[in-house]
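# Descriptive analysis of the structure
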Amino acid sequence: MRQAQPVLWCNPSRLATAPAQMQALGKSISQTDMLAAAARFERFAPFLARRFPELQASQGRVESGLLPADALFTALGHRPDQGRLWIKADHQLAVAGSIKARGGFHEVLEWAEQLAAQAGLLGPGTDYAMLAEAPARALFGQYQVAVGSTGNLGMSIGIMAAALGFQAVVHMSAEAKAWKKQRLRDHGVQVIEHAGDYEAAVASGRAQALANPRCHFVDDERSPSLLLGYSSAALHLRRQLEQAQIVVDAEHPLLVYLPCGVGGAPAGISFGLRQLFGDAVHCFFAEPVQSPCFLLQMMMGLDRHPSVYDFGLSNRTEADGLAVPRASRLAAELMQPLLSGVCTVTDATLFEHLVQVLDHTGLRIEPSAAAGFSGPGQLLHSAAGRDWLERHGLRPHLAQATHLVWTTGGRLLPAEEFQRFEQRGRQSLARNTPHPTLESPP
Ligand SMILES: *Cc1c(COP(=O)(O)O)cnc(C)c1O
């Protein structure tokens, strides 16, 4: 890991059974909370459909497809007797364009709901569509929502906060992409740029917000509301798996690969999946080789809070959604008994997978969203992965396994930006792939 090589780490503390009620950072997080988050999204659906034309077709539901990817599985070097590959296409999530739609929208909607209830705007059976009208907007306009972000979280919080009428402030780090800053400003969001990294942006955002009693700071490193918004994805995924007639049980394991930054998004989803599928689901996080903060946190234990910089790593990666030096302790505490493992991936591989995804599925994802595609290879072809499969008795069931890669962002990516990524991936593939005539002699 110190040498920035791709590795797979398997969690020795994983428990077969996920407790329905868990404690993390002194906060209680339960299956009931996950159901409440899903119910909140349902209550807000009429508002969302009204406020965002692109959500009219789905009647205000922000959800993504579950897509088969057999050709891609083969292209990645795996065989049909090693399982089937599916993609959970959160890179297509409407409005925010990334997985942050789940957590970010949930936290802003939860706060709006609290304020509206306190102001007496909500009664039993109130149609939340009225939260798009003047009295509610006037109320929200007295408050500020702030967040520190490398990009996508700022996008989801900023867009939703502005849509409700809040004053929205996004603190962004140096590595945040220029087009993301511009798009937020186009939505009327105030963008404050910080010279340092993601952690620095969050810290100064938090400090400024604390000084303002009418400001709600969305804290990516310790917010249960964010995490629960992510977790509700598990409930929808369960219905999608049923519809696709995908069985999940001891003989049909579900192996899920999730890109990880601070860990809130993948931890929320893993929490939900472990609640619903118990021991039959295995969740693996994927991080850039230069930013393996979650791996480091899990290896060193919860009484430490290490940074990748302390291990000679640079936290430099084109996967801006994952460029985080230190993990969320909330996510790490929650994952200690639930997570199966963490793998790391080089930027070169991210770009190659981005191209292979394009060529074999037609989907356009951002580099961060490609991280999970390393997961099946790490499990099936590395010594650590094979050993892990063996120890969990999964080898005999691989042919009936479902590999689910979570693609986490890309919808809002400008075309020129994507082309640049695609070019880098094609160059890298051309360098690494031997000429066909050399590889397969007649
Ligand atoms: C934020 C993000 C992630 C990871 O979420 P964390 O909560 O930071 O772990 C993964 N992919 C993309 C595209 C993201 O924007």
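Just so you know, these numbers come straight off a predicted model, no measurement behind them.

So, about the sheet that holds strand 7 (residues 167-172). The strand order across the open sheet formed by four strands is 8-7-6-9, and the pairing between neighbours is parallel. For this open sheet the edge positions go to strand 8 (190-193) and strand 9 (215-218), each flanked by a neighbour on one side alone. Ignoring which end each strand starts from, the neighbouring axes of this sheet average 20° apart.

Our next topic: the site of the ligand. Around the ligand sit 16 residues, and of these Lys100, Asn152, Gly261, Gly263 and Thr408 come closest. Asparagine 152 places a side-chain nitrogen or oxygen 2.7 Å from an oxygen atom of the ligand. One nitrogen or oxygen atom from the side chain of threonine 408 is found 2.7 Å from a nitrogen atom belonging to the ligand. Within the complex, 98% of the 370 Å² of free accessible area of the ligand lies under protein.

Another point: the packing of helix 1 (residues 31-51) against helix 5 (residues 152-164). The N-to-C vectors of helix 1 and helix 5 enclose an angle of 90°; their axes lie 11 Å apart at closest approach. By the angle between their directions, the pair helix 1 and helix 5 is classed as roughly perpendicular. Two secondary-structure elements touch here, helix 1 through Phe47, Leu48 and Arg51 and helix 5 through Met160, Ala162, Ala163 and Leu164. A per-class count over the contact of helix 1 with helix 5 returns six nonpolar, no polar and one charged.

With that out of the way, let us pick up the environment of valine 202. With respect to the helices, strands and loops of the structure, valine 202 is situated in helix 7 (residues 198-210). In the structure, valine 202 is positioned 93 residues away from leucine 295 in sequence and 21 Å away in space, judged by C-alpha atoms. In this structure valine 202 touches Gly148, Phe217, Asp219 and Glu221, once residues within four positions along its chain are discounted.

Within a beta sheet, neighbouring strands are joined by backbone hydrogen bonds and run either parallel or antiparallel to one another. Taken in spatial order, the seven strands line up as 1-12-11-10-13-5-4 in an open sheet, and their pairing is mixed. The outermost strands of the open sheet, each flanked by one partner alone, are strand 1 (8-10) and strand 4 (66-68). If you compare each strand with its neighbour and ignore which way they point, the axes differ by 25° on average. Relative to strand 5 (residues 84-89), strand 4 is paired through three bridges, and the arrangement is antiparallel. What sits directly across from leucine 67, in strand 5, is isoleucine 87. Contacts between helix 15 (residues 383-391) and the sheet are confined to strand 1, strand 10 (254-259) and strand 11 (281-288), with strand 1 contributing the most and set at about 25° to the helix.

Rules and cut-offs
- Note that residues are indexed from 1 along each chain, following the sequence as it is written.
- Where totals are concerned, whole chains, interfaces and linings use all residues; where local detail is concerned, this predicted model gives features only for residues with pLDDT of at least 70, and gives and counts side-chain atom pairs only at 80 or more.
- Side-chain numbers come from the whole structure's heavy atoms, not from hydrogens or water.
- Strand pairing follows a simple DSSP-based rule, namely that at least 2 bridges must link the two strands.
- Secondary structure elements follow DSSP: runs of H or I of four or more residues count as helices, runs of E of two or more count as strands, with numbering from the N terminus.
- Only C-alpha atoms enter the line fits that serve as axes; for helices the fit covers just the stretch in contact. Angles between N-to-C directions range over 0 to 180 degrees.
- If a single non-hydrogen atom of a residue is within 4 Å of a molecule or strand, that residue counts as near it.
- N or O atoms within 3.5 Å of each other form a polar contact, as long as, within protein, one can give a hydrogen and the other can take it, and as long as residues adjacent in sequence are counted only when both atoms are side-chain atoms.
- Here the open area of atoms and residues is found with the Shrake-Rupley method and a 1.4 Å probe, where only the protein chains shown may cover a residue.
- If an angle is under 35 degrees, it is roughly parallel; if it is over 145, roughly antiparallel; if it lies from 65 to 115, roughly perpendicular; otherwise it is oblique.
- Whether two residues are in contact is decided by their heavy atoms, any of which lying within 4.5 Å being enough.
- Residue polarity follows a fixed list, in which Ala, Val, Leu, Ile, Met, Phe, Trp, Tyr, Cys and Pro are nonpolar, Asp, Glu, Lys and Arg are charged, and the others, Gly among them, are polar.

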